[in-house]
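Here are the chains, one letter per residue:
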Amino acid sequence: MTLNFMIAPDFAPDRFAGWHMLNTVLQRRSGLGLHLLTPAGAREQAELLAEGKADIVYANPFDAAGMIRSQGFIPFARPAQRYDEMVIASGANSGIRHVEDLKPGCRIALTDNRDVKLIGLRLLEPADLTEPQIVWVNVDSYQAAARLAIKGEVQAAFFLAEAFASLTRISRSQLQVLVESAIHDISHVLLAHPRLAAEVPRIAEALLSIGSQPGDADVLDALGLPAGFEAMTQEQAEFMIDLMDTLLD
């Protein structure tokens, strides 16, 4: 049996090798054949899901919510001690130093990560900005968002905190962090298609074992997840989804 293991397209480019390393270890320990899918963007990811090609998915929390509640995907794990926080940053030379400096009509760059946008809108509340008052500039990557902010083509950009931290030192030096979230309850999630319900314990056991054997630390470091993974129950997933619903209100 060969299963498709799809990774959300928001991981930092330097983590690409880490996902391949993880895939290899999971195959060896689970005894299952795993084919890694790394869609280039949200559209390709949606197409793969619509075609039923994803068996196991490492999903961002917003997508995970829809997959769990609408498609019956089964949550079974999440990164340990790693939450989906986000950063709002402006160009260092923009003169913008605080969220309150952003005004109606401002341009903000962002990727297709809807969870980042959701949290970002909450962080913009001190500026009394609502979604329709902002000119949204969609980009394909966080690196592109950074470039626009540095060049002054947008007043701010939204970043997944991990992606911001993975920018080059030179790029970060040309950006001014306005605010960073600290929610601590929203994270990416490992999901299994309902047709794999019988295999979930086997997959989860293999995944949660990573960190217990020699060489595992190299895999986790390459992923940027030094604490590895922890089990996630349906109840915990529902709590996270309810929290996101609250943020939407």
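In what follows, the accompanying structure is described. (Residues numbered from 1 in each chain as written. Predicted model: local features only at pLDDT ≥ 70, side-chain atom pairs only at ≥ 80, totals over all residues. Heavy atoms only, no water.)

## Quick word on the sheet that holds strand E10 (residues 189-192)
Then step 1. Spatial ordering of the open sheet is given by E2-E1-E3-E10-E4-E11, a layout of six strands whose pairing is mixed. Taken across any chain shown, the strands that pair with only one partner, and hence form the sheet edges, are strand E2 (33-37) and strand E11 (229-231). Each strand of the sheet is rotated relative to its neighbour by a mean of 25 degrees, with strand direction disregarded.
Then step 2. As paired elements, strand E1 (residues 2-7) and E2 share five bridges and run parallel to each other. If you follow threonine 2 over to E2, its bridge partner there is glycine 33.
Then step 3. Contacts from helix H1 (residues 16-30) reach E1, E2, strand E3 (56-59) and E11, with the element oriented near 165 degrees to E2. (Pairing = 2+ DSSP bridges. Helix = DSSP H or I, 4+ residues; strand = E, 2+ residues; numbered from the N terminus. Axes fitted to C-alpha atoms, helices over the stretch in contact; angles between N-to-C directions. Contact = heavy atoms within 4.5 Å.)

## Quick notes on empty space enclosed by the protein
Then step 1. Considering all chains together, one arrives at one cavity of 30 Å³ or more under this definition.
Then step 2. When its volume is computed, the largest cavity comes out at roughly 30 Å³.
Then step 3. In this structure, the largest cavity is lined by Arg78, Pro79, Ala80, Gln81, Arg82, Tyr83 and Glu230. (1 Å grid on protein atoms, 1.4 Å probe; cavity = no way out; pocket = protein on both sides within 12 Å on 5 of 7 lines; lining within 4 Å. Points joined across faces, edges and corners; volume = space filled by probe spheres on them.)

Honestly, it's all geometry; don't read function into it.
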